[in-house]
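Residues per chain are reported as follows:
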Amino acid sequence: MRLLPLAPGRPGWGSHRHLPSCSPTLLLLLVLGGCLGVSGVAAGTRRPNVVLLLTDDQDEVLGGMTPLKKTRALIGEMGMTFSSAYVPSALCCPSRASILTGKYPHNHHVVNNTLEGNCSSKSWQKIQEPNTFPAILRSMCGYQTFFAGKYLNEYGAPDAGGLEHVPLGWSYWYALEKNSKYYNYTLSINGKARKHGENYSVDYLTDVLANVSLDFLNYKSNFEPFFMMIATPAPHSPWTAAPQYQKAFQSVFAPRNKNFNIHGTNKHWLIRQAKTPMTNSSIQFLDNAFRKRWQTLLSVDDLVEKLIKRLEFTGELNNTYIFYTSDNGYHTGQFSLPIDKRQLYEFDIKVPLLVRGPGIKPNQTSKMLVANIDLGPTILDIAGYDLNKTQMDGMSLLPILRGASNLTWRSDVLVEYQGEGRNVTDPTCPSLSPGVSQCFPDCICEDAYNNTYACVRTMSALWNLQYCEFDDQEVFVEVYNLTADPDQITNIAKNIDPELLGKMNYRLMMLQSCSGPTCRTPGVFDPGYRFDPRLMFSNHGSVRTRRFSKHLL
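Just so it is clear, the structure is predicted and the values come from calculations on it, not from any experiment.

Caption draft 1: How the structure looks around the nonpolar core. Within the largest apolar cluster, 96 residues are counted, with the highest numbers of intra-cluster contacts made by Phe82, Phe133, Phe227 and Phe323. The leading source of residues in this core is helix H14 (residues 498-512), at six residues. Setting aside its immediate chain neighbours within four residues, Phe227 contacts Val50, Leu52, Phe133, Pro134, Leu137, Tyr143, Gln144, Thr145, Phe146, Trp170 and Ile379. One finds Val51, Phe216, Tyr245 and Leu354 within the second-largest nonpolar core, a separate group that totals 42 residues.

This is the structure in structure tokens:
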């Protein structure tokens, strides 16, 4: 099937005209708009293309990249792998919003996966979508922009414009209605609904995304650079593998690392409520889920291989940056929590990030602390757009990718999450505190309304530290030294130097109120850091604590 670009008058077109080939007039407009071309690109050479591959719930800590042998060879070994890549929120919709906007959740105001939490809401569409990096690429830089796959969890909801809504900035739109599925789903194709069934040969979503992406490469304009965002359902539940992969990994089990199936001592009450040891049925369930997740990723591996082969065949590969990452991590049995994300620990907030492209040397690993808020600035930087014209919180990774020396870089990132749940007792689990959600049949719950926290994740030459505060009656604090305790078993909040604790508290407050450049100020362990203890106190002499917004929309 041949995809057609959005035409004038179609939903989502707005003021964005389909740009013609690069005439002198167009080039002048692009220069005036701020897209001057990436440094190091020869005059007269077309600006680089960019492909962003985004998986759903793929962890890094528990071996999530292991099944993707071809992806690791074709992207990681041909470019750079980031070993310290994080998400600012361990949940699909807030994290995806951060990718698109380059902003922390407190600045884009998407706090969970519901319309009420601003996930694909009318407010999001009006305020944030016009300023996403794909919208800038299209309107200011003349890029062809292509989207295929899962957008935001509430995309297509009737109260948010339905499937007719096509976000500003997309030339080609092939988006899944709501959350990840593999069969029996509906797609918005440039604003028109198309239902799919359960016939593997024509309906399996990962393969459908691969095929429509290859179609785009066949039919796109050869006179404009392009940006592709391909967002697969894998390895999100319901973990439906392609038929040829349903017997793979039969001898694989969820990793039995040090924090597997142990009690979360000295942690937030939500973690402490998990029952230890887990039942045999719970362990069998999570082992099966782990295995099926890997099976679904084998089709993603095929997609990556097909895409790169096509780019090579068309002569585009050497002028194309390819990014591979996930929207959040995942856990399977850590601290006796069966399966989910949402928590503050490494297994949920750390993700894969692999990049290849022009000027990136092969077989590199970077330990630099990066986050998905950096993807938008990086891609705009590749396009030659002036980042000073944006309000993004992230930083361009392009200097790291190109091997810049004596680079000054951040030492901390913010992680923030607003728990889901109502302040009522679950009638099926009356023994639990009010407000729990995401509960399993044995009343092990993965979330609660006061599972609301913010963390500073710090990495410097001397410290590998995480400092977190919860918005609950305890104002509970968790601190981990990940050099000594990489599995985050021991909360050292009551043993750490009080002065350092105060500095981390103050830094957390600063980051939670940051915007744009102020999100990139020196961290606690940076030479340029300045700490005034007087700022830790209110006018009445009491210690100032972290403020959590209850009205983000």
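Caption draft 2: View of the packing of aromatic side chains. Going through the model one piece at a time under the given rule, you end up with 27 aromatic pairs. Relative to Tyr151, the ring of Phe147 has its centre 5.7 Å away and its plane inclined at 85°; by these criteria the two rings are edge-to-face. Residue Phe147 shares its accessibility class with Tyr151, and that shared class is buried. Centre to centre, the rings of Phe216 and Phe226 are 5.8 Å apart; their planes meet at 80°, and the pair counts as edge-to-face. Residue Phe216 is located in helix H8 (residues 205-219), and its partner Phe226 is located in strand E8 (residues 226-231); the two are separated by ten residues in the primary sequence. Joined through ring pairs, the aromatic side chains of Phe133, Phe147, Tyr151, Tyr155, Trp170, Trp173 and Phe227 make up one cluster. One Lys or Arg, Lys267, reaches over the ring of Phe335 and ends 4.4 Å from the middle of that ring. Between the NZ or CZ atom of Arg291 and the centre of the ring of Phe253, over which it lies, the distance is 5.4 Å.

Caption draft 3: Region of the structure containing the packing of helix H6 (residues 133-141) against helix H12 (residues 375-383). Interaxial distance between H6 and H12 falls to 10 Å at its minimum, and their mutual angle equals 15°. Considering their axes alone, H6 and H12 lie roughly parallel with respect to each other. The handedness of the crossing between H6 and H12 is right-handed. Residues Phe133, Ile136, Leu137 and Cys141 of H6 lie in contact with H12, whose contacting residues are Gly376, Ile379, Leu380 and Ala383. Its residues assigned to classes, the contact of H6 with H12 comprises seven nonpolar, one polar and no charged.

Caption draft 4: Expanded view of the UniProt feature "modified residue: 3-oxoalanine (Cys)" (unreviewed entry) in the protein chain. Using the residue numbers shown here, the UniProt feature "modified residue: 3-oxoalanine (Cys)" (unreviewed entry) corresponds to Cys92. For Cys92, the location among the structural elements is in helix H3 (residues 92-101). Classification of Cys92 by relative accessible area gives buried; the value is 0%. With residues near it in sequence (within four places) discarded, Cys92 still touches Asp56, Asp57, Asn113, Lys150, Asn153, His236, Asp327, Asn328 and Lys341.

Caption draft 5: Representation of the side chain of Asp207 within the structure. Mapping Asp207 onto the fold places it in helix H8. Of the side chains with opposite charge, Lys306 comes closest to the buried, unpaired Asp207, at an N-O distance of 4.8 Å. At 2.7 Å, the side chain of Asp207 and the side chain of Tyr200 are in polar contact. Those residues in contact with Asp207 that lie beyond four places of it in its chain are Tyr200 and Ser299.

Caption draft 6: Region of the structure containing the state of the cysteines. Following the criterion strictly, the structure yields five disulfides and no others. Linked covalently through their sulfurs, Cys439 and Cys445 form a disulfide whose S-S length is 2.0 Å. Looking down the S-S bond of the Cys439 and Cys445 bridge, the torsion is 100°, so its handedness is right-handed. Two residues, Cys514 and Cys519, share a disulfide whose sulfurs are 2.0 Å apart. Judged by the sign of its S-S torsion, about 90°, the cystine formed by Cys514 and Cys519 is right-handed.

Caption draft 7: Fine view of helix H10 (residues 280-313). The end-to-end C-alpha distance of H10, which contains 34 residues, comes to 50 Å, matching closely the 50 Å that a straight helix rising 1.5 Å per residue would cover. Just downstream of H10 lies Gly315, where phi reads positive at about 80°.

Caption draft 8: Broad picture of the packing of helix H2 (residues 69-76) against H10. The contact between H2 and H10 brings their axes to 8 Å, and the two run at 35°. The interaxial crossing formed by H2 with H10 has left-handed handedness. Across the interface between the two elements, Lys69, Lys70, Thr71, Leu74 and Ile75 from H2 touch Asp301, Asp302, Val304, Glu305 and Ile308 from H10. Taken together, the residues of the contact of H2 with H10 break down into four nonpolar, one polar and five charged.

Calculation notes
- Residues numbered from 1 in each chain as written.
- Predicted model: local features only at pLDDT ≥ 70, side-chain atom pairs only at ≥ 80, totals over all residues.
- Heavy atoms only, no water.
- Core = buried A, V, L, I, M, F, W, Y, C linked by side-chain atoms within 4.5 Å.
- Buried < 20%, exposed > 50% of the residue type's maximum accessible area, 1.4 Å probe, protein only.
- Helix = DSSP H or I, 4+ residues; strand = E, 2+ residues; numbered from the N terminus.
- Contact = heavy atoms within 4.5 Å.
- Phe/Tyr/Trp six-rings, centres within 6.5 Å; stacked < 30°, edge-to-face > 60°.
- Lys NZ or Arg CZ within 6 Å of the ring centre and 35° of its normal.
- Axes fitted to C-alpha atoms, helices over the stretch in contact; angles between N-to-C directions.
- Parallel < 35°, antiparallel > 145°, perpendicular 65-115°, else oblique.
- Left-handed = near helix turned anticlockwise from the far one by under 90°.
- Nonpolar A, V, L, I, M, F, W, Y, C, P; charged D, E, K, R; others polar.
- UniProt positions renumbered as here; feature names shortened; annotations may be inferred.
- Lys, Arg positive; Asp, Glu negative; His and termini not counted.
- Salt bridge = Lys/Arg side-chain N within 4 Å of Asp/Glu carboxyl O.
- Polar contact = N/O pair within 3.5 Å; in protein donor to acceptor, adjacent residues only side chain to side chain.
- Disulfide = S-S within 2.5 Å.
- Expected span 1.5 Å × (residues − 1).

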